[in-house]
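Structural features, examined
Chain by chain, the residues:
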Amino acid sequence: MLIAVGKKLTVGGGHESTQIAALRALVGEHELLVVTEQGYVAPDLVEAPTSVRTVLSDWHYQVSRPDQAIEQDVTALHALLTSPEITTGPRPGVVIPTAAAHDIRVCLLLLERAPKIARFCLRILCEDILEPLNETELSALRQHIASGSVRLTTETASLSRRLAAHHGLTATDDFVLPCTVLPDDPLPPETAETFNMPAGARRIRVGYLGGLRREKGFWLIPRIIGQLSALLRRSAPDIQVEVLIAQHNRKRRRIGRLWFDFCLWRSSRGWQGNRRGVTVTRTPAIQTSAEFKALLASTDLLLLPYNLARYRFRGSGVILDGVLAQKPFVYTDGIGMDDLLSFGNAEPAVSAQEFAASILKIVRQSEGYQSSAAAARKAVIERFGHTAQMLQRLLVCT
């Protein structure tokens, strides 16, 4: 049996809800048990071979009473892992696909009280989650990794190297999960049909998907649009570009929302009247998996102006989804997971001017990017296969 711990399984809570479907697709015939926070009801996750236990603390309790939340989760997991339904079979494997400092502390305390209770696989998505841990906790984590009680994993080789060099933590980079798009999902219609429209009717849809977040470089979007508008006016008046941008999350301060919207309007105002150049379409801030897949399928290329300081070592769900959908990219040079963007399916950029020029380059030379995107899709599916093998080893070793 494989036990998956996921806290934020609601739509709009990140990729944790989609991770369950991905794990279920990768573990084959093995039983998958999902453990999540109290009070959560997930009828879409209880399809065989998946069952759900709602026994863990929620995020608010972890913030307000961290010590009590750790104790609650240790007690709940201990009770579950020592229950007859678990102990009658082989020692279970426990996977935490989005491990946080709280989860690491729960694992350390649980292993301190019951060293042989389970084998844990913790996936670290970014280095920041280790910051709250003190040296004593990091030392205990190193010891458990050395003994085999804990397997530390990442989804990028750069982050694994970073953890080894700066924290002395041995981590493998073989835990890459599909996000919203699964490998067996049908491919969207060929975007080449859009690219090859006759002059005077070429309409290209560029997707900035995944929400307006500072680490995703959303403040650069108005400048990119301004540069692209000017570039199209000078050298490609027959091309009209539609940019998809999510609506604001209500948590963002109103003054910030208004300022971004003003910059967005100012960057494209000269073209809205005659419907040439660049137009902007706002999409829902929170989308279901089906809505996101439909939106992704409708795009011709994806825009990733990510903040390099935040994404140098980390992966991106939009990259995984876009590669599976065989979409070309324009992305910030140097971000993590750029190995999947090195097949000739993407163009790196740094400044707003470079992003605009790269978008136009892909539009003009679309045929080559489309064929390269197929090679990238094959590579990411192979990486998912490596993840499946890692999970199988975890189940066998337990």
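Definitions and cut-offs
Residues numbered from 1 in each chain as written. Predicted model: local features only at pLDDT ≥ 70, side-chain atom pairs only at ≥ 80, totals over all residues. Heavy atoms only, no water. Core = buried A, V, L, I, M, F, W, Y, C linked by side-chain atoms within 4.5 Å. Buried < 20%, exposed > 50% of the residue type's maximum accessible area, 1.4 Å probe, protein only. Helix = DSSP H or I, 4+ residues; strand = E, 2+ residues; numbered from the N terminus. Contact = heavy atoms within 4.5 Å. Salt bridge = Lys/Arg side-chain N within 4 Å of Asp/Glu carboxyl O. Phe/Tyr/Trp six-rings, centres within 6.5 Å; stacked < 30°, edge-to-face > 60°. pLDDT = per-residue confidence, 0-100. Axes fitted to C-alpha atoms, helices over the stretch in contact; angles between N-to-C directions. Parallel < 35°, antiparallel > 145°, perpendicular 65-115°, else oblique. Left-handed = near helix turned anticlockwise from the far one by under 90°. Nonpolar A, V, L, I, M, F, W, Y, C, P; charged D, E, K, R; others polar. Pairing = 2+ DSSP bridges.

1. Points about the nonpolar core
A general feature of soluble globular proteins is that nonpolar side chains tend to end up buried together. Residues Val35, Ile104, Phe120, Leu122, Leu152, Leu163 and Leu169 are the most contacted members of the largest nonpolar core, which totals 41 residues. Tallying contributions element by element places helix 5 (residues 101-113) first for this core, with 7 residues. Sequence-distant contacts of Leu169, that is, excluding residues within four places in its chain, are made with Leu130, Leu138, Leu141, Arg142, Ile145, Leu152, Leu163 and Ala164. With 32 residues, the next largest nonpolar core counts Ile239, Leu301, Leu303 and Leu360 among its residues.

2. Quick word on the pattern of salt bridges
Following the criterion strictly, the structure yields 14 salt bridges and no others. In this structure, Arg113 engages Glu71 in a salt bridge whose closest nitrogen and oxygen atoms are separated by 2.9 Å. Here Arg113, found in helix 5, pairs with Glu71, found in helix 3 (residues 66-81); they are 42 residues apart in sequence, far enough to count as distant. Residue classification places Arg113 among the partly exposed positions, given a relative accessible area of 48%. A salt bridge links Asp128 to Arg310; the shortest N-O distance between them is 2.5 Å. You can see Asp128 sitting in the loop between strand 5 (119-123) and helix 6 (135-147) and its partner Arg310 sitting in helix 12 (residues 308-311), a full 182 residues away along the chain. Relative accessible area serves as the criterion here: at 31%, Asp128 is assigned to the partly exposed category. By relative accessible area, Arg310 is classed as partly exposed at 38%.

3. Thoughts on the packing of aromatic side chains
Applying the stated criterion to the full structure yields 2 aromatic pairs. Centroid distance Phe218 to Trp219: 4.8 Å. Interplanar angle 40°. Geometry classified as tilted. The class for Phe218 is buried, based on a relative accessible area of 0%. What makes Trp219 partly exposed here is its relative accessible area of 24%. When the centroid spacing of 4.4 Å and the interplanar angle of 35° are considered together, the rings of Tyr306 and Tyr311 count as tilted.

4. Remarks on the confidence of the model for the chain
When pLDDT is averaged across the chain, the result is 85; 85% of the residues are at 70 or more. The low-confidence segment residues 191-200, where pLDDT is below 50, has 22 contacts with residues more than four positions distant or belonging to other chains. Counted against residues more than four places away or in other chains, residues 270-275, with its pLDDT under 50, gives 9 contacts.

5. Overview of the packing of helix 3 against helix 5
With their axes 9 Å apart at the nearest point, helix 3 and helix 5 run at an angle of 55° to one another. Between helix 3 and helix 5, the crossing angle belongs to the class labelled oblique. In this structure, helix 3 meets helix 5 at a crossing whose hand is right-handed. For the pair helix 3 and helix 5, contact is made by Ala69, Ile70, Glu71, Asp73, Val74, Leu77, His78 and Leu81 and by His102, Arg105, Val106, Leu109, Leu110 and Arg113, respectively.

6. Points about the packing of helix 5 against helix 6
Relative placement of two packed helices is described by the angle separating their axes and the distance separating the axes. Packing of helix 5 against helix 6 brings their axes to within 11 Å, and their N-to-C directions diverge by 65°. At the point where helix 5 passes helix 6, the crossing takes the left-handed sense. Of helix 6, the residues touching helix 5 (which contributes Ile104, Arg105, Leu108 and Leu111) are Glu137, Ala140, Leu141 and His144. Looking at side-chain class alone, the contact of helix 5 with helix 6 contains 5 nonpolar, 1 polar and 2 charged residues.

7. Re the pairing of strand 1 (residues 2-5)
The two faces of strand 1 match: Leu2 and Ala4 on one face and Ile3 and Val5 on the other face are all buried. Note: strand 1 against strand 2 (residues 32-37), 4 bridges, orientation parallel. Each residue of the ladder has a partner; that of Leu2, found in strand 2, is Leu32. Two strands pair when backbone bridges link them, and strand 1 and strand 4 (residues 93-96) are joined in this way by 3 bridges, in the parallel orientation. By the bridge assignment for strand 4, Ala4 is matched with Val95.

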